[in-house]
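So the chains spell out like this:
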Amino acid sequence: MAVIVDKKKRRFRMQFSISREQHGLHQQCLQKAEKLGLTIDFSNDFERWLKTQLEQVNRELLQREQNAAAGAAPKRVSPLDGLMEELEDGND
């Protein structure tokens, strides 16, 4: 007889880019895990990291909104700018 179970919540998806080197290493790890009958799940650590990053981005955006509402000139440089450039360049 079939077993009836609660449907799991649907998870939302994001897409991001990584360097060629990181992608290659990720693929190697996936292949090794598959040979061992294992899976690799980054969701717990990734969600914690992403939450911290999103909170930081949100604070920065709120500050920029407040500055714009007060008529202040937009802030050109933030710690996030350098990080984004590094990510776009593929540098660690």
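Student: Tell me what's going on with the overall build of the chain, and back it up with residues and numbers.
Tutor: Looking only at helices and strands, the chain has 3 helices and 0 strands in total. Taken from the N to the C terminus, the helices and strands of the chain come in the order α-α-α. When burial is assessed residue by residue, the chain has 8% of its 92 residues classed as buried. Here the chain has roughly 9,500 Å² of accessible surface; of this, 54% comes from carbon and sulfur atoms.

Student: Kindly report on the packing of aromatic side chains, identifying the contributing residues and their values.
Tutor: To describe a pair of aromatic rings, you give the distance between the ring centres and the angle between the ring planes. Scanning the entire structure with this criterion turns up 2 aromatic pairs. The interplanar angle of 15° and the centroid separation of 5.6 Å between the aromatic rings of Phe16 and Phe46 together place this pair among those described as stacked. Remark: Phe46 occurs in helix 2 (residues 43–69) and Phe16 occurs in the segment before helix 1 (20–35); sequence separation between them is 30 residues. The class for Phe46 is partly exposed, based on a relative accessible area of 28%. The interplanar angle of 35° and the centroid separation of 5.7 Å between the aromatic rings of Phe46 and Trp49 together place this pair among those described as tilted. In this pair, Phe46 and Trp49 both sit in helix 2, 3 residues apart, roughly one turn of the helix. For Trp49, a relative accessible area of 47% gives the class partly exposed. One aromatic cluster is present, formed by Phe16, Phe46 and Trp49 through successive ring pairs.

Student: Could you give an account of a nonpolar patch on the surface, naming the residues involved and the relevant values?
Tutor: The grouping of Leu30, Ile40 and Phe42 at the surface amounts to a nonpolar patch, some 250 Å² of accessible area in total. One can find Leu30 in helix 1.

Student: Describe in detail helix 2, supporting the description with residues and values.
Tutor: Here helix 2 spans 37 Å end to end across 27 residues, near enough to the 39 Å set by a 1.5 Å rise per residue. Taken together, the buried positions of helix 2 are occupied by Leu50, Gln53 and Glu60. A positive phi of about 85° marks Gly71, the residue just after helix 2.

Student: So what's going on with helix 1? Which residues, and what values?
Tutor: With 16 residues, helix 1 extends 23 Å between its outermost C-alpha atoms, agreeing within 8% with the 22 Å of an ideal straight helix rising 1.5 Å per residue. The first or second residue beyond helix 1 is Gly37, which carries a positive phi of 75°.

Student: So what's going on with the pattern of salt bridges? Residues and values would help.
Tutor: Applying the stated criterion across every chain yields a total of 3 salt bridges. In this structure, Lys51 engages Glu55 in a salt bridge whose closest nitrogen and oxygen atoms are separated by 3.9 Å. Of this pair, Lys51 and Glu55 both sit in helix 2, 4 residues apart, which is roughly one turn of that helix. Relative accessible area serves as the criterion here: at 52%, Lys51 is assigned to the exposed category. For Glu60, the salt bridge identified is with Arg64, shortest N-O distance 2.9 Å. Of this pair, Glu60 and Arg64 are both found in helix 2, 4 residues apart, which corresponds to roughly one turn of the helix. Of the residues examined, Arg64 reaches a relative accessible area of 29% and is grouped as partly exposed.

The rules behind these values
Residues numbered from 1 in each chain as written. Predicted model: local features only at pLDDT ≥ 70, side-chain atom pairs only at ≥ 80, totals over all residues. Heavy atoms only, no water. Helix = DSSP H or I, 4+ residues; strand = E, 2+ residues; numbered from the N terminus. Buried < 20%, exposed > 50% of the residue type's maximum accessible area, 1.4 Å probe, protein only. Areas by Shrake-Rupley, 256 points an atom, 1.4 Å probe, with all protein chains shown as cover. Phe/Tyr/Trp six-rings, centres within 6.5 Å; stacked < 30°, edge-to-face > 60°. Patch = residues over 30% accessible without salt bridge, like charges linked within 9 Å, V, L, I, M, F, W, Y side chains within 5 Å. Salt bridge = Lys/Arg side-chain N within 4 Å of Asp/Glu carboxyl O. Expected span 1.5 Å × (residues − 1).

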